Every structure is written in structure tokens, then in C-alpha cells.
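For reference, the chains in residue letters:
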Amino acid sequence: MANTIHIPTPLRPFTDKKESVEVNGATVGDLLKDLTTRHDGLRKHLYAEDGRLRNFVNVYLNDEDIRYLQKEQTPVKPGDSLSIVPSVAGGAPGTTTDARTKADVGADLVGADLKVRPYTTDELPELSPDEIKRYSRHLIMPEMGMDKQRQLKAGSVLCIGAGGLGSPAAMYLAAAGIGRLGIVDFDVVDFSNLQRQLLHGTSDVGRSKNESAKSRLNDLNPHVQVDTYETLLNSQNALDLFRDYDVILDGTDNFPTRYLVNDACVLTGKPNAYGSIFRFEGQASVFATKGGPCYRCLYPEPPPPGLVPSCAEGGVLGVLPGIIGVIQATEAIKVILGIGEPLVGRFLIYDALKMRFRELKLRKDPDCPACGTHPTVTKLIDYEQFCGIQPEPQTVQPKGGAVNEWEITSVELKRRMDAGDRLLVLDVREPNEYQINRIAGSALIPLGELPRRYQELPKDREIITQCKVGARSQRALEFLRTVGFTDLKNLKGGILDWIDKVDPSQPKY
Ligand code: ZN
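None of the values given here were measured: they were computed from a predicted structure.

Here is what the cut-offs are and how they apply
- Residues numbered from 1 in each chain as written.
- Predicted model: local features only at pLDDT ≥ 70, side-chain atom pairs only at ≥ 80, totals over all residues.
- Heavy atoms only, no water.
- Buried < 20%, exposed > 50% of the residue type's maximum accessible area, 1.4 Å probe, protein only.
- Helix = DSSP H or I, 4+ residues; strand = E, 2+ residues; numbered from the N terminus.
- Pairing = 2+ DSSP bridges.
- Donors = N, O, S within 2.8 Å, 3.2 Å for Na, K, Ca; no water.
- Tetrahedral: all angles 85-135°; square planar, octahedral: opposite > 155°, others 65-115°.
- Axes fitted to C-alpha atoms, helices over the stretch in contact; angles between N-to-C directions.
- Parallel < 35°, antiparallel > 145°, perpendicular 65-115°, else oblique.
- Left-handed = near helix turned anticlockwise from the far one by under 90°.
- Contact = heavy atoms within 4.5 Å.
- Nonpolar A, V, L, I, M, F, W, Y, C, P; charged D, E, K, R; others polar.
- pLDDT = per-residue confidence, 0-100.
- Salt bridge = Lys/Arg side-chain N within 4 Å of Asp/Glu carboxyl O.

Colleague: Residues and numbers for the pairing of strand 6 (residues 156-160), please.
Modeller: Among the five residues that make up strand 6, five are buried, leaving the element largely enclosed by the rest of the structure. Residue alternation in strand 6 divides its side chains into two sets, S156, L158 and I160 and V157 and C159, and both sets are buried. Where strand 6 and strand 7 (residues 180-185) come together, five bridges link them in parallel fashion. Counterpart to V157 in the pairing with strand 7 is L181. Direction of pairing for strand 6 relative to strand 9 (residues 247-250): parallel, over a ladder of four bridges. Its bridge partner being in strand 9, V157 is matched across the sheet by V247.

What follows is the structure in C-alpha cells.
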């Protein structure tokens, strides 16, 4: 009887879209080797160049984390299954870990001890007659009642982001009667947000997300204090912002912010209600409680930039953040009230297509750089650098065109096409994106298929790589260079720039 390896969504392009692959072998290492023999494209995602299994790839054997064992040598029995769980993108004085020992912050593994503030009943804020009416469905539950509702009113949650996850989370927290809700965002509402970000409506397009969120939340529940921060969360402001709240709700969509949120939660001792989403799959957990694991226990290192697509590149089912964001809000409420069994040490994975939840056990890593016994992360760092994201090159750009030698502008491309230049526009997006808009005459080879299909490309013509905004096509260009193509340019700004400058008749997405 063979073994099965479950393939997560972001890696399925490399297994011919298969969700699971049957493999054979006697150890975990054998099974992974057999997997990459069958699907060669997976190799660079799972293994580093030195042949070591990449750090951000976690392997579970029958839902048990085997990271702390010699994972590749772990023997397997017939019928055992492996799950690969990669990280998904969709994140002064007293800044050291000592801050975590303060009695008024942090929490323990047991629900009842998780209470973020040991209020006595006398200290809790009173409820007005209006509030009592509003919260009556809570008040008649024996597990909730007046005291728990007053505890909720005394509580505060900081939502990082007012987007897909932040929308349902903030709305339910406000409706439930949380006392104070902070929102950190600096974006403006775009039409493409409305498919899932329910805090914002069509009339809000172009408005700041903070303003839009605040008016929606105030309308939902005027008893809630909504504090908005029109800023990018960064290493300079995170600790000060976090200190002022009981729970941090991570609704970010990129790795630098995710690691920043995690580290700032560990340093300030604030529980992190974590969620992340990608296409049809979501993840949730509660990190950085006292005694519980943090995000870095699970993923000490971020994936190299570009290896894991973001939601903006990969897409997300509109209802998915609804599920995951509400799970985050539920956990935040449980932590504030100290009730139930929060997702501490448990990693929840949700598959919307199968409508199935799986739960993986998560252990605190004693060697964790952030929350381990000898932490090396004692202050916030440069997270863009940590995640390998290069700052924009500061080179002097030629006037007007602003391109480097490997780039071409939409206007220049149009001019050369009209002049009849022998060039080939290579679109590296997915077929469903190509259906929405395209440059007439372009060839389509999705980025993921390029390594096995590049031989279809002509060697005697200049190739212009192109995608949505220019990032994937830049990677395509770099790949083509490694396999011997030299006459290459990347379309700066992608199809969106082309539509803006050359062909406004086509729809944008
Ligand atoms: Zn940790």
C-alpha cells in the first residue's frame, strides 16, 4: 500500500493540479524524494540548493509535526500520509522579551488563564440601557451574562489591515460589543476590494479604508470606540501601537508585515489572532501567548520572495476571508473573556472546496529565535530585508521613459509593434487572466509552465515578457536568461500599464 502526500494549493501548479500524490518509500525523506522525481518542478520549492529541505516547508506525518525529529529519517508505515504546509502570505524601554513576564499581559495555554486583564467586577465599565438592549442575546446566555459583556467592553483589539480578513473581523467584534477597536491601514478602497472586503461599499471607492471602515463600524455600533491609524505598520511604530491593545488581529497579506506582527506580539506579550488566505484555503491560529508557540516557531524563515504568490497575484475566493476573519474574531473574543479552548498550539487549515477543516498540532520551539529560551529577536528589525525584498533601485532613470536596460515601456512597445519590429510578446499570466485582457498577438505560457515549455519560444526574435504588473514577467525574464535567451525585455507595469497608456478599451482587474 502506497503512501499519500497532500499537496497544498500554492504548490499544485507543480503537480499537474493534483491535490495528493501517491508515493512509495520507507522514510519521510524517501517519500519526498519520490514526490520530486515524479514532479520535478516541485524540487526548487521544497529543497534549497544545498539539498536541504527548506525551512519554511513544514512536513506533517499523519497531522503530527515532525519538524523536531530527524524529519527526513522518520520511518513511515504503509498507508501513512504526509502533509506539506508551506507558509501562505493571503502581516523604547521594555521592548525586550522581559515585557512578556508582566502580569497584566500575555496568557497561558489554558483558556481560563488566558484572560488578558484580571479585572475585578467593580472595575469593569457599566452597560447603558441601550447597550443592554443591544446585547440581549449575549446577556441571556448563562456563559456570557452581564459580567462577560462588561469584560468585552473593557477589551480592545487592534486589527492590522481593513481588508479581506479585517473586514469581517472588525464588523463582528464591533457588533459583539468590544470596547475599543484599532485599525491600521493606509490604503484606499479600490473596486477590486469589494468582492470580499465588506467594510467598504461601492460609494467608498477612492476613499481611505480607515475612513470607510470607521463610518461603517460607527453605524454598526456607536458604543464602540474606533481608533484608526493612517500608517503603514513598521518597526518604528508597532510596539507603541500594540502596547495599547489586548489582542492583535493579523489581517496582513505580505510576509514582512506578518513577521513584524509576530515579533511585536512576542515582544509586547500580546496574543496574535492569526489568519491567512489563499485561493480556496485558509489558515488560523493564536500565536504568541505565554507558553504557546509563535509564528516563527512554525516558520522561522520566510520563503524567498516570489516563490509563494500573494492574493493579488494568486487570487482568493471572496467568501474565504469571511470564514477565516470570523474565526480570528472568535479567538480574540475568547482570549479577552478567558473562555473556551483557544487555537493555541493548534494550526487550523480550512479547505473551502472540500468544506473540510484539518487541525495540526503545533509545538513551541525552544530554539525559536523570537519566543524560545534564548531569543535572538530582542528588538524589531528591517522586515523587508529579512524577507529578501530588495529596495527599489536608486539608479538615475532616463527622463520620460524611466526604464532600465531590461525593460520596455508600453508606449515604446506599441511604437515598435506598429513599426513592424520582429518581436514576440510573451504573456506569462494564467489562461483565466489572459481571457480578461491581452496584447493582440501575444503568446501565452504561464510562468509555472515556462521551465518545461521554453523550447517552444523562437531564438531569433526579441522576446518581451509581460504579466499583470511586471513582477512575474521579470521572473520569467530572469529564468529565460538562465537558459540562454539574451534578446529580452520586460514590459514595465504589465498589461495594466498597457491599458492605461495604449489600449483603454480593455477591462482591468
Ligand atoms: Zn516562537
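Colleague: Pulling in residues and values, what's your account of the coordination of the zinc ion?
Modeller: Surrounding the zinc ion are the protein donor atoms C294 (SG), C297 (SG), C368 (SG) and C371 (SG), which sit 2.3 Å from the metal. Considering all four donor atoms around the zinc ion, the spread of angles at the metal, 93 to 124°, places the coordination shape in the tetrahedral class. Coordination of the zinc ion draws on donor residues from a single chain, spaced C-x2-C-x70-C-x2-C in sequence. One end of the pair, C297, is in helix 10 (residues 295-298); the other, C371, is in the loop between strand 13 (356-361) and helix 13 (383-386), with 74 residues separating them in the sequence. Looking at C297, the relative accessible area reads 0%, which means it is buried.

Colleague: Go over the packing of helix 6 (residues 166-176) against helix 12 (residues 320-337), please, and point to the residues and values.
Modeller: Interhelical geometry of helix 6 versus helix 12 gives an angle of 40° and a closest axis separation of 7 Å. The pairing of helix 6 with helix 12 is recorded here as oblique in orientation. For the element pair helix 6 and helix 12, the recorded crossing hand is right-handed. Across the interface between the two elements, P168, A169, Y172, L173 and A176 from helix 6 touch P321, G322, G325, V326, A329, A332 and I333 from helix 12. Looking at the contact of helix 6 with helix 12 residue by residue, the class counts come to 10 nonpolar, two polar and no charged.

Colleague: Lay out the environment of F14 in plain terms, naming residues and giving numbers.
Modeller: By secondary structure assignment, the location of F14 is in the loop between strand 1 (3-6) and strand 2 (20-23). Given the relative accessible area of 18%, F14 is considered buried. A C-alpha to C-alpha distance of 5.6 Å links F14 and L42, two positions 28 residues apart in sequence. Ignoring anything within four residues of it in the chain, the contact list for F14 reads H39, G41, L42 and H45.

Colleague: Residue-level account of the packing of helix 6 against helix 7 (residues 209-220), with values.
Modeller: Taken N-terminus to C-terminus, the directions of helix 6 and helix 7 make an angle of 30°; their axes are 9 Å apart at the nearest point. If you check the angle between helix 6 and helix 7, you find them roughly parallel. In this structure, helix 6 meets helix 7 at a crossing whose hand is right-handed. Facing helix 6, whose interface residues are A170, M171, A174 and A175, helix 7 presents R216, L217 and L220. Taken together, the residues of the contact of helix 6 with helix 7 sort by class into six nonpolar, no polar and one charged.

Colleague: An account of the pairing of strand 11 (residues 281-287) is requested, with residue identities and associated values reported.
Modeller: Among the seven residues that make up strand 11, seven are buried, leaving the element largely enclosed by the rest of the structure. Burial of the side chains of strand 11 extends over both faces: E281, Q283, S285 and F287 are buried on one face and G282, A284 and V286 on the other. Across seven bridges, strand 10 (residues 272-278) lies against strand 11 in antiparallel orientation. Across the sheet, residue Y274 finds its bridge partner in strand 11, namely S285. Taking the residues between adjacent antiparallel strands as the criterion, strand 10 and strand 11 are bridged by two residues, where R279 takes a positive phi near 55°. Looking at chain direction, strand 11 and strand 12 (residues 346-351) are connected through four bridges and run antiparallel. Bridging from a neighbouring strand, Q283 pairs with I349 of strand 12.

Colleague: Tell me about the confidence of the model for the protein, and please be specific about residues and values.
Modeller: Scored by pLDDT, the protein has a mean of 87; 89% of the residues are at 70 or more. Below pLDDT 50 for its whole length, residues 91-113 participates in 59 contacts with residues either more than four positions away or in separate chains.

Colleague: Any details on unusual backbone geometry? Residues and values, ideally.
Modeller: Backbone geometry at R279 places phi at a positive 55°, although glycine is not the residue there. Inspection of the secondary structure assignment puts R279 in the loop between strand 10 and strand 11. Of note, M355 is a non-glycine position whose phi angle comes to about 50°, a positive value. Here M355 shows up in the loop between strand 12 and strand 13.

Colleague: Run through the sheet that holds strand 3 (residues 57-61), naming residues and quoting values.
Modeller: With respect to topology, five strands assemble into an open sheet ordered 2-1-5-3-4, the strand pairing being mixed. Of all the strands in the sheet, the pair left with one neighbour each is strand 2 and strand 4 (64-65). Looking at chain direction, strand 1 and strand 5 (residues 81-86) are connected through three bridges and run parallel. Of the residues in strand 5, the one forming a bridge with H6 is S83. In this fold helix 1 (residues 28-38) packs onto strand 1, strand 2, strand 3 and strand 5, with an angle of close to 115° to the strand it touches most, strand 2.

Colleague: A description of helix 5 (residues 145-154) should follow, citing residues and the corresponding values.
Modeller: With seven of 10 residues buried, helix 5 lies mostly within the body of the structure. All buried positions along helix 5 are accounted for by G145, K148, Q149, R150, Q151, L152 and A154. Residues of helix 5 that are buried sit in contact with helix 4 (136-139), strand 6, helix 6 and helix 12.

Colleague: I'd like a rundown of the side chain of E281, residues and numbers included.
Modeller: Here E281 shows up in strand 11. Judged by relative accessible area, E281 falls into the buried class, the value being 16%. Those residues in contact with E281 that lie beyond four places of it in its chain are P8, T9, R12, S276, L320, Y350 and D351.

Colleague: Pulling in residues and values, what's your account of the pattern of salt bridges?
Modeller: Inspection of the entire model under this criterion finds 30 salt bridges. Across the pair R38 and D34 runs a salt bridge whose closest N-O atoms are separated by 3.1 Å. One end of the pair, R38, and the other, D34, are both in helix 1, four residues apart, so they sit about a helical turn from each other. Overall, the relative accessible area of 43% leaves R38 in the partly exposed class. Exposure remark for D34: the relative accessible area of 16% places this residue in the buried category. Here R472 and E433 are joined by a salt bridge, their closest N and O atoms 2.8 Å apart. Residue R472 is found in helix 17 (residues 471-482), and its partner E433 is found in helix 15 (residues 431-436); the two are separated by 39 residues along the sequence. Neither residue differs from the other here; R472 and E433 are each classed as buried. Linked by salt bridges that have partners in common, E126, D147 and R150 make up one network.

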